[in-house]
Amino acid sequence: MKGIFVVGAGPAGMFAARQAAMAGYDAFIFNRDIKPGGLAEYGIYPTKEKMKAGLRKQFGQVLDMPNVHYFGHVQVGEDYDITIDELRAMRPAAIIFACGAQGTRKLGLPGEDAKGVYAAKDFVYHYNRLPPFATMDFSTGKHVAIVGVGNVAIDIAHWLLRDDPAHAAESVTIVARRGPVEVKFDEKEIDYVEQHISKPELVAELERVRERCARCNQDVSAEKLFEEHFRRMKSPDFVSIAPRLSFRFLSSPTAILPDASGRIAHLEVAENDLVLKADGSTSAVSTSARSILDVDTLIFAIGDKHDAHIGLPMGPDGYATEPATGSAAEPHFAVWDAQTASALPGCYVVGWARKASTGLAGIARHDGESGAAKAVEFVKDQPDSQTISSRQVLERLQAKGLTPVTKADLALLGKAEAREAQARQLPSFKFSDNADMFAAITGQKKEAEEVQLSPAD
Ligand SMILES: Cc1cc2nc3c(=O)[nH]c(=O)nc-3n(C[C@H](O)[C@H](O)[C@H](O)COP(=O)(O)OP(=O)(O)OC[C@H]3O[C@@H](n4cnc5c(N)ncnc54)[C@H](O)[C@@H]3O)c2cc1C
């Protein structure tokens with residue numbers, strides 16, 4: 001048998017598995033989390049229920065394919081549950097890595113380890129109830145700064161300003177190293193929180209950075225910005241509501257200053273100049289001027305990086321892939337071994353594992369399918385690798401002391417969650433602790449056994 005292994009069950013992994021299964025191969029998914037979905041389940045904003053439900057349905061359809069096998073709660077990597085070499089010993093015909101970008105980027109600032117300083121992904125995992133982040137301390141204070149000006153930063157502001165059950169935030173400040181015309185968020189996302197912006201305060205901030213932006217031919221007039229990025233502000237009737245959302249442009253964090261308890265009390269930022277580059281883009285260059293922001297919580301939303309502990313060769317931008325040749329537009333999925341200057345046979349990366357923090361779920365799906373198509377092309381011409389059966393895979397994992405979650409377990413967990421959702425009158429419910437998930441699976445198994453044992457009336 002030629003089996004294709006897929007590491008990770010986010011959109012890229014699930015659709016890579018589907019592609020492999022549709023080509024007639026058995027797809028074996030190994031996923032760190034008990035449940036599939038990755039950031040589609042544990043990153044996409046909690047109230048985007050319709051989008052999440054749609055994705056869950058599609059993932060369910062993939063798992064329903066008889067030649068797709070699932071092993072959740074199994075983390076692949078040098079320092080984790082099972083190494084790549086151990087996977088190889090099960091004789092897959094190819095391995096597709098779809099494990100996303102699990103590392104967090106740090107700026108190496110003084111005070112970065114202070115309490116109340118978080119990486120965006122960890123914080124997002126927390127409010128989306130992914131174990132173990134769900135039950136860890138991600139307490140926020142009254143004044144929160146978020147570094148970064150993309151959709152993830154706006155999602156977090158959205159949570160703090162509108163949906164956080166603790167309602168702790170009185171102000172949220174988005175800190176951006178460049179100017180207002182270079183914000184990266186979408187109109188749809190800012191729309192959720194625009195009402196929290198004070199128009200006079202935003203106008204004052206635009207005025208504060210106007211001259212520096214003008215040197216790079218950037219027009220930051222309120223008229224232009226309201227037209228392009230803050231459309232609600234165009235209305236003369238616009239009234240802002242609490243808690244307050246502010247922007248601090250042309251500013252880069254330089255130090256985190258904790259209080260006596262070790263929690264962040266202030267953020268020092270450098271004032272930046274903008275420099276026009278030859279290709280027309282700009283770079284932010286810090287000046288010697290410093291400002292202090294009074295904040296008790298700081299969240300870095302500056303993108304993620306690849307987990308270096310998986311055991312894949314690393315390049316400058318993450319896992320090393322075949323160097324680009326020919327058309328630069330064509331992505332390269334094959335993992336590259338710089339030592340032998342050749343592609344690792346049958347080894348591919350897709351989705352955010354290929355390009356960290358890039359694109360929406362649909363893009364990750366497409367990337368997973370395209371990478372899997374390359375894997376299928378490779379496998380087709382290979383002799384039978386004699387991949388071990390799904391039962392043997394399960395036994396090997398269990399023999400290592402692991403507790404893999406199978407498709408049958410997922411179905412039981414789904415039943416238990418549906419029951420909880422109904423009891424709580426929620427559109428959906430998910431357990432935020434692995435132990436609770438295992439208890440729910442065991443509970444459902446027992447119930448099913450009792451039904452079987454009870455005499456028919
Ligand atoms: C805050 C946030 C909000 C977003 N909102 C939207 C949105 O509204 N709409 C939209 O379309 N997109 C949104 N996205 C983007 C979308 O979530 C991603 O495009 C997509 O999830 C990337 O898919 P992926 O499969 O490459 O990686 P991921 O979704 O990260 O999946 C990676 C999978 O690999 C597993 N894994 C990790 N390490 C290992 C390991 N060592 N061994 C085994 N398994 C492992 C993980 O458990 C996970 O299941 C958002 C992203 C974020 C961060």
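1. Here we look at the domain arrangement of the protein
Put simply, an interface is often sized by how much accessible area is lost when its parts join up.
Argument step 1. When the domains of the protein are assigned, the result is domain 1 (3–102 + 306–405) and domain 2 (106–302).
Argument step 2. Its C-alpha centre places domain 1 at a distance of 34 Å from the equivalent point of domain 2.
Argument step 3. The junction of domain 1 with domain 2 conceals about 1200 Å² of combined surface from both sides, 52% of it contributed by carbon and sulfur atoms.
Argument step 4. When residues of domain 1 are sorted by the area they lose upon contact with domain 2, Tyr 42, Tyr 45 and Lys 48 head the list and together hold 51% of the total.
Argument step 5. Here domain 1 is connected to domain 2 by one salt bridge.
Argument step 6. One salt bridge in this structure joins Glu 189 and Lys 48, with 2.9 Å as the shortest N-O distance.
Argument step 7. Where domain 1 packs against domain 2, one counts 11 residue pairs in polar contact (both at pLDDT 80 or more).

2. With respect to the site of the ligand
Argument step 1. Around the ligand, the structure places 34 residues, and the nearest of them are Asn 31, Asp 33, Leu 39, Val 76 and Trp 352.
Argument step 2. Measuring from an oxygen atom of the ligand, one finds a backbone N or O atom of Gly 359 at 2.9 Å.
Argument step 3. Here the ligand has 1000 Å² of accessible area as a free molecule, and 95% of this is covered by the chains.
Argument step 4. Residue assignment for the shell around the ligand shows that the elements contributing at least two residues are helix H1 (11–22), strand S2 (26–31), helix H2 (39–42), helix H6 (151–163) and helix H10 (361–380).
Argument step 5. The class makeup of the residues in the shell around the ligand is 20 nonpolar, 10 polar and four charged.
Argument step 6. Each of domain 1 (3–102 + 306–405) and domain 2 (106–302) gives at least three residues to the shell around the ligand.

3. Quick notes on the packing of H1 against H10
Argument step 1. Put simply, H1 and H10 touch, their axes get as near as 7 Å, and they point 40° apart. With respect to each other, H1 and H10 are oriented oblique. Viewed along their axes, H1 and H10 form a crossing whose handedness is right-handed. Contacts between H1 and H10 pair Pro 11, Ala 12, Phe 15, Ala 16, Arg 18, Gln 19 and Ala 20 from the former with Ala 361, Ala 364, Arg 365, Gly 368, Glu 369, Ala 372, Ala 373 and Val 376 from the latter.
Argument step 2. Residue composition of the contact of H1 with H10, by class: 10 nonpolar, two polar and three charged.

4. A few points about the sheet that holds strand S13 (residues 297–300)
Backbone-to-backbone hydrogen bonds pair the strands of a sheet. The strands run either parallel or antiparallel.
Argument step 1. In spatial order, the strands read S6-S13-S7-S8-S9; together these five strands make up an open sheet with parallel pairing. In this open sheet, the two edge strands, each paired with only one partner strand, are strand S6 (117–119) and strand S9 (244–248). Going from strand to strand, the sheet's axes swing by 20° on average, the running direction of each strand aside.
Argument step 2. With five bridges joining them, strand S7 (residues 143–147) and strand S8 (residues 171–175) adopt parallel strand pairing. Bridging across to S8, Val 144 finds its partner in Val 172.
Argument step 3. Along the sheet, H6 contacts S7, S8, S9 and S13; its crossing angle with S8, the most-contacted strand, is approximately 175°.

Analysis parameters
- Residues numbered from 1 in each chain as written.
- Predicted model: local features only at pLDDT ≥ 70, side-chain atom pairs only at ≥ 80, totals over all residues.
- Heavy atoms only, no water.
- Domains from an automatic or database assignment.
- Buried area = accessible area lost by both parts, 1.4 Å probe.
- Salt bridge = Lys/Arg side-chain N within 4 Å of Asp/Glu carboxyl O.
- Polar contact = N/O pair within 3.5 Å; in protein donor to acceptor, adjacent residues only side chain to side chain.
- Near = heavy atom within 4 Å.
- Areas by Shrake-Rupley, 256 points an atom, 1.4 Å probe, with all protein chains shown as cover.
- Helix = DSSP H or I, 4+ residues; strand = E, 2+ residues; numbered from the N terminus.
- Nonpolar A, V, L, I, M, F, W, Y, C, P; charged D, E, K, R; others polar.
- Axes fitted to C-alpha atoms, helices over the stretch in contact; angles between N-to-C directions.
- Parallel < 35°, antiparallel > 145°, perpendicular 65-115°, else oblique.
- Left-handed = near helix turned anticlockwise from the far one by under 90°.
- Contact = heavy atoms within 4.5 Å.
- Pairing = 2+ DSSP bridges.

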